[in-house]
Amino acid sequence: MKSLILMSSCLIFAAGISQNSKPKMQATLLPPVAKKKPHTIEKHGNIRTDNYYWLNERENPEVIDYLNQENEYYQKATAHTKEFQDQLFEEMKSRIKEDDESVPYLYNGYYYITRYETGKDYPIYSRKKGSLEAKEEIMFDCNEMAKGHSYFQLAGLSVSEDNKWVAFGVDLVSRRQYTLQFKNLETGEILSTKIENTTGGATWANDNRTVFYTRKDSVTLRSDKIYKHKLGSDISNDELVYHEKDETFNTYIYKSKSKKYLVIGSSSTLTSEYQLLLASTPDEKFTVFQKRTRGLEYSISHYEDNFYIVTNKDKATNFKLMKTPENKTSKENWVDLIPHRDDVLLEDIDVFKDYLVVSERSNGLNKIRIMPWKGEEYYLPFEIETYTCYTTTNIDFDTEILRYGYQSMATPASVIDFNMRTKTKTVLKEQAVLGGKFDKNNYEEKRIWATAKDGTKVPISIVYRKGIKKDGKNPFLLNSYGSYGYSMDPGFSSTRLSLLDRGFIFGIAHIRGGEDLGRQWYEDGKLLKKKNTFTDFIDCSEFLIAEKYTSNDYLFAEGGSAGGLLMGAVINMAPQLYKGVIAQVPFVDVVTTMLDDTIPLTTGEYDEWGNPNDKKYYDYMLSYSPYDNVKAQEYPNLYVSTGLHDSQVQYWEPAKWVAKLREMKTNNNQLFLDTNMDTGHGGASGRFEALKELAKEFTFLLDLVGIRK
């Protein structure tokens, strides 16, 4: 019934356009074309016809056949780049230190280390007791565990307080549904207990035998239930501790840094709630810290006799820091410690015995603020505007050492220990870039500002190899995301050097919808203001062209997931600006997905996009939904990737989108759908397999500007 019409083979114009020549004709097969099978969707008196709705039938062999044929078409159409892909893969791999390891951190008497061995795809997790000179104890060798599996992911390692047991989660499908297991670190025995459909994480009570974990709804994949398990007992006896019944919330559990409290968190886009239980009494009942109030967001940190609360209470749009006694946790007891500031976003805190460390964002830049409980505060100094800094693993209270990370678009990532008393720092590790060819002095990085049509100034971080001319002939890859308040901070990438060294400029557009310039930056790019995200990106693109950093013959755009929504929207609105677009696991069928509350994660998205059951939001979403707004026009070259088992953006969204684009577009530009039949939202699991996927993207870009080596 759901058969496909496969078009016969003939010659078409395809492949690359060199910088100084006309399109080059290359013989290739036309792609398969999905059968149009009209499906009517009616809402608010509006009737939409979705000809490719049937592609959501994951178990239908003809759907799988169609995806496989799209893959075959992509492979054949790009066969001339395969040697170049292999070259790029080896080039990117050669810059990576294969026998690498993380900076060790001390926790509860053990140093924990993650390391890689030469030629192996997966990490080895180990520890050493008391000293880095002690004998290594290998906890998990993921290379061994991954054998026989096309996808493997280990997550959520959690060691009991007596250091004897570790809980861990395994995902073999890439759908983020982990099987929770337990290992005896003294004997090496892995218990037969297997708890399916969890988030992968687990939290130990202080008795070393009670463990709490989170299960997911098997259909929607929402994290909705907290269970309690007694080590060695039958999982059928596990007690349901908490059920989050509100479909717009997710729930999770963790232990406070002080180790005193077990904390159940519940969160939606706009609202938070926490429950507490002493970790020493795991069989007692949790009590609510502050009951949920719509629009009230807060997070909590415990130290001594108080809780420290980062919150938007009292209309603190950019958040503030408050404090309350641990026996008086409701909001009427909270008092200001750091007041709200209109121009500074308070993102997080780290509490120490003698210091409070505050992570802030001002004018789009990360700031780390050191506040001694007694003494004068100060900020860590950073000199450029294209950097990222962040606190990392800071487990101990009683220390004057802050561990933080730093990188910029031209500077490899470093892990640094900073003495907050003496104000001296020790660089523990800087990311190695092998091959002997990299010198950060060969690259220039800076932040420039585009003006949006409504007058808003939008920052763009860019990096390029020194010596380029602003003549409009530089290939330029502009990346962005612009949703969920996620800020795309400028950072280093050794793989990106393969583009920069071939003349590309790389840029990040810090558009509204992220939180790059504060909470209001996010608010102005969501719900009924979502289109600001798309127009900001277009305005940034036009600015780059006007300033002759590039031209529409050389400008490329890239985005993944919600950033793929961005890509889909801008090529409907301004397709003439771009030579090519990469859309990774793109969220493009906004209205249909948001109307289906059985699809994983939908209900939790209402505060981000709006609930289309409300006509006001339905009409607005319909006006920009990429799939619904595909029309008969010329589109740029497109490379679209997805994973069959994606739990975040279901594979059928990009599949339907590509099918409709094939039907509607009026030119012969490339259009590829590349589906990884073994993975999900994050792509391939091995570190080197992921490079192969990146090599596909890079050859797509480079081939279009005539660079083929």
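Criteria and thresholds
- Residues numbered from 1 in each chain as written.
- Predicted model: local features only at pLDDT ≥ 70, side-chain atom pairs only at ≥ 80, totals over all residues.
- Heavy atoms only, no water.
- Buried < 20%, exposed > 50% of the residue type's maximum accessible area, 1.4 Å probe, protein only.
- Helix = DSSP H or I, 4+ residues; strand = E, 2+ residues; numbered from the N terminus.
- Pairing = 2+ DSSP bridges.
- Right-handed = clockwise from strand over helix to strand, strands pointing away.
- Axes fitted to C-alpha atoms, helices over the stretch in contact; angles between N-to-C directions.
- Parallel < 35°, antiparallel > 145°, perpendicular 65-115°, else oblique.
- Left-handed = near helix turned anticlockwise from the far one by under 90°.
- Contact = heavy atoms within 4.5 Å.
- Nonpolar A, V, L, I, M, F, W, Y, C, P; charged D, E, K, R; others polar.
- Polar contact = N/O pair within 3.5 Å; in protein donor to acceptor, adjacent residues only side chain to side chain.

Asks: So what's going on with the pairing of strand 35 (residues 580–584)? Which residues, and what values?
Replies: Counting buried positions over the five residues of strand 35 gives five, a clear majority of the element. Of the two faces of strand 35, the one lined by Gly-580, Ile-582 and Gln-584 and the one lined by Val-581 and Ala-583 are each fully buried. Relative to strand 35, strand 34 (residues 555–560) is paired through five bridges, and the arrangement is parallel. Looking at the pairing, Phe-556 lines up with Gly-580 of strand 35. Note on the crossover from strand 34 through helix 7 (residues 562–573) to strand 35: the handedness is right-handed. As defined by bridge partners, strand 35 adjoins strand 36 (residues 637–643) across five bridges and the pair is classed as parallel. Looking at strand 36, one finds that Gly-580 is bridged to Asn-637.

Asks: So, the pairing of strand 2 (residues 46–50): which residues are in play, and what are the values?
Replies: Sheet analysis places strand 1 (residues 39–43) next to strand 2, joined by five bridges and oriented antiparallel. Looking across to strand 2, one finds that Lys-43 is bridged to Asn-46. Between the antiparallel neighbours strand 1 and strand 2 lie two residues, among them His-44 with a positive phi of about 55°.

Asks: Tell me about the packing of helix 6 (residues 531–546) against helix 7, and name the residues and values.
Replies: Where helix 6 contacts helix 7, the two axes come as close as 9 Å, and the packing angle between them is 65°. In terms of axis orientation, helix 6 runs roughly perpendicular to helix 7. Relative to helix 7, the crossing made by helix 6 is right-handed. Contact residues: Thr-533, Phe-534, Thr-535, Phe-537 and Ile-538 in helix 6; Leu-565, Leu-566, Met-567, Ala-569, Val-570 and Met-573 in helix 7. Of the residues that constitute the contact of helix 6 with helix 7, the class distribution is nine nonpolar, two polar and no charged.

Asks: How would you summarise the environment of Lys-228 if you had to cite specific residues and measurements?
Replies: As for its position among the elements, Lys-228 is in strand 12 (residues 223–230). Taking the C-alpha atoms as reference points, Lys-228 and Asp-238, separated by ten residues in sequence, lie 5.6 Å from one another. Sequence-distant contacts of Lys-228, defined by excluding residues within four places in its chain, comprise Thr-210, Val-211, Phe-212, Asp-238, Glu-239, Val-241, Pro-282 and Asp-283. Within polar-contact distance, the side chain of Lys-228 engages the backbone oxygen of Pro-282 at 3.3 Å.

Asks: If you had to explain the side chain of Asn-366 to someone new, which residues and values would you point to?
Replies: Its location among the elements puts Asn-366 in strand 24 (residues 365–372). Among the polar contacts listed, one links the side chain of Asn-366 to the backbone nitrogen of Cys-389, at a separation of 3.4 Å.

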